[in-house]
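In case you want the letters, here they are:
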Amino acid sequence: MHPSLLQDSVRGCPKEIPHNEKLLSLKYESLDYDNSENQLFLEEERRMSFLGFKCLEISRWVICGLIGFLTGLIACCIDIAVENLAGVKYYVVKQNIEKFTEVGGLSISLILWAVLNSAFVMVGAVIVAFFEPGAAGSGIPQIKCYLNGVKIPRVVRLKTLVVKVCGVICSVAGGLAVGKEGPMIHSGAVVAAGVSQGRSTSLKKDFKIFEYFRRDTEKRDFVSAGAAAGVSAAFGAPVGGVLFSLEEGASFWNQMLTWRIFFASMISTFTLNFFLSIYNNKPGDLSSPGLINFGRFESDVSVCLLLSSPKPCVISLSTVCLVLNPVFNILNYWLTLFRIRYVHRPCLQVMEAMLVAPLGPDQSEDYPLQLFCADGEYNSMATAFFNTPERSVRSLFHNPPGSYNPLTLSLFTLTYFFLACWTYGLTVSAGVFIPSLLIGAAWGRLFGILLAVWAVPGKYALMGAAAQLGGIVRMTLSLTVIMVEATGNVTYGLPIMLVLLTAKIVGDYFVEGLYDIHIKLQSVPFLHLEAPATSHWLTAREVMGAPVTCFNRIEKVGTIVDVLSNTSTNHNGFPVVMPVAICGLILRSQLIVLLKHKVFVELARSRLTQRKLQLKDFRDAYPRFPPIQSIHVSQDERECMMDLTEFMNPTPYTVPQETSLPRVFKLFRALGLRHLVVVDSENRVVGLVTRKDLARYHLGKHGLEEMQLAQT
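Residues numbered from 1 in each chain as written. Predicted model: local features only at pLDDT ≥ 70, side-chain atom pairs only at ≥ 80, totals over all residues. Heavy atoms only, no water.

- In the nomenclature of an unreviewed UniProt entry, the chain is known as Chloride channel protein of Oncorhynchus kisutch.
- Per UniProt, the chain carries the Subcellular location (unreviewed entry) text "Membrane".
- Recorded in UniProt for the chain, the comment headed Sequence similarities (unreviewed entry) runs: "Belongs to the chloride channel (TC 2.A.49) family." (UniProt positions renumbered as here; feature names shortened; annotations may be inferred.)

Here you go:
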């Protein structure tokens, strides 16, 4: 038996389970979602009148309205910028193609097309790789982590937003196999994080408003509203946006928060609608609820056939999912590992993006290509490849039967599948939603052509799009509602739900979802909704961190400085004991503010006029608390004492050391905890459970099997 395993004579299970500390990155910390109800907090809350609380509630609604408005405005700007940039490029390329097709040559036009695409993509890749790498990709995995309770560095900064918006414009205009819908979720979250704080730490500008909301508890709620507003602006699906935020942070919700998030989503889609109607010279024509429009799906006999014969629609489509979805995620996983190891320099990342740019399908349906066809005819292969993804999806949904050749569609599906797999993960701002929908719509339409007796091919294209996207990202409830809202017909809700559930079940058997894969590759301590099913034999004693660094209620300043300066531990929460029993919990950020303001017992006695520290001092330092190395403490001050009574949380959550792991897990997820103190029968601190402790032991069925094998 392994020497590190100490057998429990009662249960026959290890008290200490071997694990790899390097599986989780040290750069990620948890959000302090649970309020620290110290004396300062309670005094402020008790001083506030009923009218004051009502004003705060009105402020929350105002902030959510601003979040929705600004998110919709950003979506409108992205759409208009892409349309104008791409329109100029399309026109130039089309003119050259028509000119040189007449003389039998296309080389000059193809070179021009490749150069224009590479130029746009190069700009988008340069600003991401050299200025803000956090803006790469769709940003959805990072926002999922933030809503889960993990603080991702630089994910909600103004610089990230600017680079994200400019980058996605360049990526889409450059013809990459990407969509602009996914990054809207990240953009909405950044807008929410900035607006709710009433200041910009990047610009060092404080507007002196919304100061009460400068804490993780409030900020995370507003980020939920921003993410929902982004979904609403992207797909015109306000209810789907609410459900998206609900799926990612299900344990933190209350009724009023749900209504505020729905309000932000509605404002977002209305703002986008309104400004696009003005831009299109149709004021008041609110017919563009989102960046992508699937077109109107009418209920007809084919839908009844689709519903009455789910076997060919669901089971057969799921068979295709059985192959395509796991292959997509596995290929992208290995590509990402390759990039992490070999393509980690910014210059190499830009070169890879420019290499993919000329390969991307690119053109607009407004300019169909004739190529070498006779007058009045157009090349179907060129129409499939040289088309914007959004228009291609809509065409596959609504073009009449006979519009596509099966061989052409098969070749397009395979080519675009591998191209989209390669593209997702490039150092550009881009999403995977639209490419996934396009791949699924293509093979779904192909499947419908082969089984045209059951329904028109366009209906199968819709089911294939839902199955492909659901199988890649593993979203079920929210994606069902998003697809139903985007189609404008609730009749399709049942078949969409069936294919999404089947795609998720089939996909989960082979590999995790794409976002979960990227979260794991970044070593983020992500907590799933539930603890592993076979983890009841684990207790808090076996997963807690020990020994625990504790402080006395009145502690020496030098001791506090030494503990905070210890880079080998880097703890963020410290139980306060008196004399040995726990009497509170204090955070690293609170101690740094106390040291910065010299809140020492001796100084308080000598300076009778010294200003009393207030919650405003902690909010002013939030969220970028200074490092301990920037705090100067003299040798004389190190001998002073600090009274933590007024600033510590006197009622931290504690559990006995025999508490089961599933119960500990539920407490963390339901309450948004960062620290959970483990005590013995005499209320003495014996350990501390953090998010990383739970994430480290959340190994799934394979990890638990390995642990059980390790006992023998």
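Moving on from the coordinates now.
Topic: helix α19 (residues 493-510)
And then number 1: The end-to-end C-alpha separation of α19 is 26 Å, in line with the 26 Å expected for 18 residues at 1.5 Å each.
And then number 2: All of the buried residues in α19 are Gly493, Pro495, Ile496, Val499, Leu500, Ala503, Val506 and Gly507. (Helix = DSSP H or I, 4+ residues; strand = E, 2+ residues; numbered from the N terminus. Expected span 1.5 Å × (residues − 1). Buried < 20%, exposed > 50% of the residue type's maximum accessible area, 1.4 Å probe, protein only.)

Here's the deal with a nonpolar patch on the surface
And then number 1: Taken together, the side chains of Val323, Val327, Leu331, Leu414 and Phe418 define a hydrophobic patch exposed on the protein surface, amounting to about 420 Å² of accessible area.
And then number 2: For the nonpolar patch, the elements supplying multiple residues, two or more each, are α11 (310-342) and α15 (406-423).
And then number 3: If you tally residues by element for the nonpolar patch, the top one is α11, at three residues.
And then number 4: With respect to the helices and strands, valine 323 occurs in helix α11. (Patch = residues over 30% accessible without salt bridge, like charges linked within 9 Å, V, L, I, M, F, W, Y side chains within 5 Å. Areas by Shrake-Rupley, 256 points an atom, 1.4 Å probe, with all protein chains shown as cover. Salt bridge = Lys/Arg side-chain N within 4 Å of Asp/Glu carboxyl O.)

Quick word on the confidence of the model for the chain
And then number 1: Residues with a pLDDT of 70 or more make up 84% of the chain, whose mean pLDDT is 83.
And then number 2: Note on residues 307-311: pLDDT under 50 across the span, and six contacts to partners over four residues away in sequence or across chains. (pLDDT = per-residue confidence, 0-100. Contact = heavy atoms within 4.5 Å.)

Comments concerning the nonpolar core
And then number 1: Ranked by size, the top nonpolar core spans 119 residues in total, and within it Phe235, Phe294, Phe328, Phe397, Leu437 and Ile496 carry the most contacts.
And then number 2: For this core, the leading source of residues is helix α7 (residues 216-235), giving 10 residues.
And then number 3: Split by domain, this core shows at least three residues from each of two domains, domain 1 (63-279) and domain 2 (301-521).
And then number 4: With near-sequence residues (within four places) excluded, leucine 437 lies in contact with Phe235, Ile292, Phe294, Val393, Ala465, Leu469 and Met483.
And then number 5: By size, the runner-up hydrophobic cluster in this structure holds 31 residues, among which are Cys583, Leu591, Leu613 and Met648. (Core = buried A, V, L, I, M, F, W, Y, C linked by side-chain atoms within 4.5 Å. Domains from an automatic or database assignment.)

Focus: the sheet that holds strand β8 (residues 582-587)
And then number 1: Spatially, the three strands line up as an open sheet ordered β5-β7-β8, and their pairing is mixed. The outermost strands of the open sheet, each flanked by one partner alone, are β5 (551-552) and β8.
And then number 2: The pairing of strand β7 (residues 573-577) with β8 spans five bridges and is classified as antiparallel. Looking at β8, one finds that valine 576 is bridged to glycine 584.
And then number 3: Against the sheet, helix α23 (residues 588-596) touches β5, β7 and β8, its axis set at about 75° to β8. (Pairing = 2+ DSSP bridges. Axes fitted to C-alpha atoms, helices over the stretch in contact; angles between N-to-C directions.)

Quick look at the side chain of glutamate 181
And then number 1: Mapped onto the secondary structure, glutamate 181 falls in the loop between α5 (158-173) and α6 (182-195).
And then number 2: In this structure glutamate 181 is buried but unpaired, with lysine 180 as the nearest side chain of opposite charge at 4.4 Å.
And then number 3: Among residues more than four places away in sequence, those in contact with glutamate 181 are Ala234, Phe235, Leu291, Ile292, Glu390 and Ile434. (Lys, Arg positive; Asp, Glu negative; His and termini not counted.)

Digging into the packing of helix α4 (residues 140-148) against helix α20 (residues 514-521)
And then number 1: In contact at an axis separation of 9 Å, α4 and α20 are set at 75° when each is read in the N-to-C sense. Here α20 runs roughly perpendicular to α4, going by the angle between their axes. Judged by residue contacts, Ile140, Pro141, Lys144 and Cys145 of α4 engage Tyr515, Asp516, His518 and Ile519 from α20.
And then number 2: Here the residues of the contact of α4 with α20 sort into five nonpolar, one polar and two charged. (Parallel < 35°, antiparallel > 145°, perpendicular 65-115°, else oblique. Nonpolar A, V, L, I, M, F, W, Y, C, P; charged D, E, K, R; others polar.)

A short note on the packing of aromatic side chains
And then number 1: For the structure shown, the criterion picks out 20 aromatic pairs.
And then number 2: Between the aromatic rings of phenylalanine 210 and phenylalanine 213, the centroid separation amounts to 6.3 Å while the plane-to-plane angle is 40°, which identifies the pairing as tilted. Each member of the pair, phenylalanine 210 as well as phenylalanine 213, carries the same accessibility label: buried.
And then number 3: Each residue in the set Phe69, Phe270, Phe274 and Phe275 is aromatic and connected to the rest through ring pairs, giving one cluster.
And then number 4: Over the aromatic face of tyrosine 212 sits the side chain of arginine 215, whose NZ or CZ is 4.6 Å from the ring centroid. (Phe/Tyr/Trp six-rings, centres within 6.5 Å; stacked < 30°, edge-to-face > 60°. Lys NZ or Arg CZ within 6 Å of the ring centre and 35° of its normal.)

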